Amino acid sequence: PLPQQLRDESDFDQLPDNVPISATIADIEEKKGFIDYFRFVIEVKTKGGSKYLIYRRYREFFNLHQVLEARYSPEDPEKPTANTCVLPSLPGKVFMGVKQEIAESRIPELNTYMKGLLGLPTWFLLSDALRMFFYQTDRDSKHQP
Ligand SMILES: CCCC(=O)OC[C@@H](COP(=O)(O)O[C@@H]1[C@H](O)[C@H](OP(=O)(O)O)[C@@H](O)[C@H](O)[C@H]1O)OC(=O)CCC
């Protein structure tokens, strides 16, 4: 069989072009309504070289993390098995505080979290939950500031 390093590269080459390979928060924006909330403006780069913006709020990160944990985190972090991996930790919920400040303080933490996710083994990058989160929806592409 191919040595691990070569296999990994060839695994990576097999990935579809629309798989996200990097994602960084470019800005935050406030959505005013009955309840104000903040969204993170995330620039996603795909393996095929395209770049686009998606807009996600914290609770969407939280829901993604719950799904990923349920499906992929090992019973015992000391012993990940073939289809489990140790996930980066998600910054926690905050119950009190100024929403703008909470959002701003989350920028570096969520950048680290996304970097951690997208640095996991190539088989993980193919998981539906992950690809759905980073997929650019119609709403994302029609987004008006
Ligand atoms: C003492 C006052 C308690 C209080 O107001 O907490 C409110 C809720 C927490 O509400 P939740 O929805 O469970 O959790 C909140 C949302 O995830 C929110 O996401 P978004 O920014 O996208 O809106 C985060 O920004 C908040 O930091 C978080 O607290 O607490 C619960 O309902 C607990 C349920 C597990």
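Quick caveat: nothing in here was measured; it's all calculated off a predicted structure.

Asker: Whenever I open this one, the packing of aromatic side chains confuses me. Can you help?
Answerer: In this description, a pair of aromatic rings is defined by centroid distance and the angle of the planes. Throughout the structure, instances matching the rule amount to seven aromatic pairs. Relative to Phe61, the ring of Phe40 has its centre 6.2 Å away and its plane inclined at 90 degrees; by these criteria the two rings are edge-to-face. Of the two residues, Phe40 sits in strand S2 (residues 37-46) while Phe61 sits in helix H2 (residues 58-72), which places them 21 residues apart along the sequence. The burial state of Phe40 is the same as that of Phe61; both residues are buried. Seen in terms of ring centroids, Tyr72 and Trp123 are 5.8 Å apart; in terms of plane orientation they differ by 55 degrees. Their pairing is tilted. Taken together, the positions of Tyr72 in helix H2 and Trp123 in helix H4 (residues 122-125) put the pair 51 residues apart, joining distant regions of the chain. The structure contains a cluster of three or more aromatic residues connected by ring pairs, namely Phe40, Phe61, Phe133 and Phe134. Positioned above the aromatic ring of Phe12 is the side chain of Lys47, whose terminal nitrogen or guanidinium carbon lies 5.9 Å from the ring centre.

About the criteria used
Residues numbered from 1 in each chain as written. Predicted model: local features only at pLDDT ≥ 70, side-chain atom pairs only at ≥ 80, totals over all residues. Heavy atoms only, no water. Phe/Tyr/Trp six-rings, centres within 6.5 Å; stacked < 30°, edge-to-face > 60°. Helix = DSSP H or I, 4+ residues; strand = E, 2+ residues; numbered from the N terminus. Buried < 20%, exposed > 50% of the residue type's maximum accessible area, 1.4 Å probe, protein only. Lys NZ or Arg CZ within 6 Å of the ring centre and 35° of its normal.

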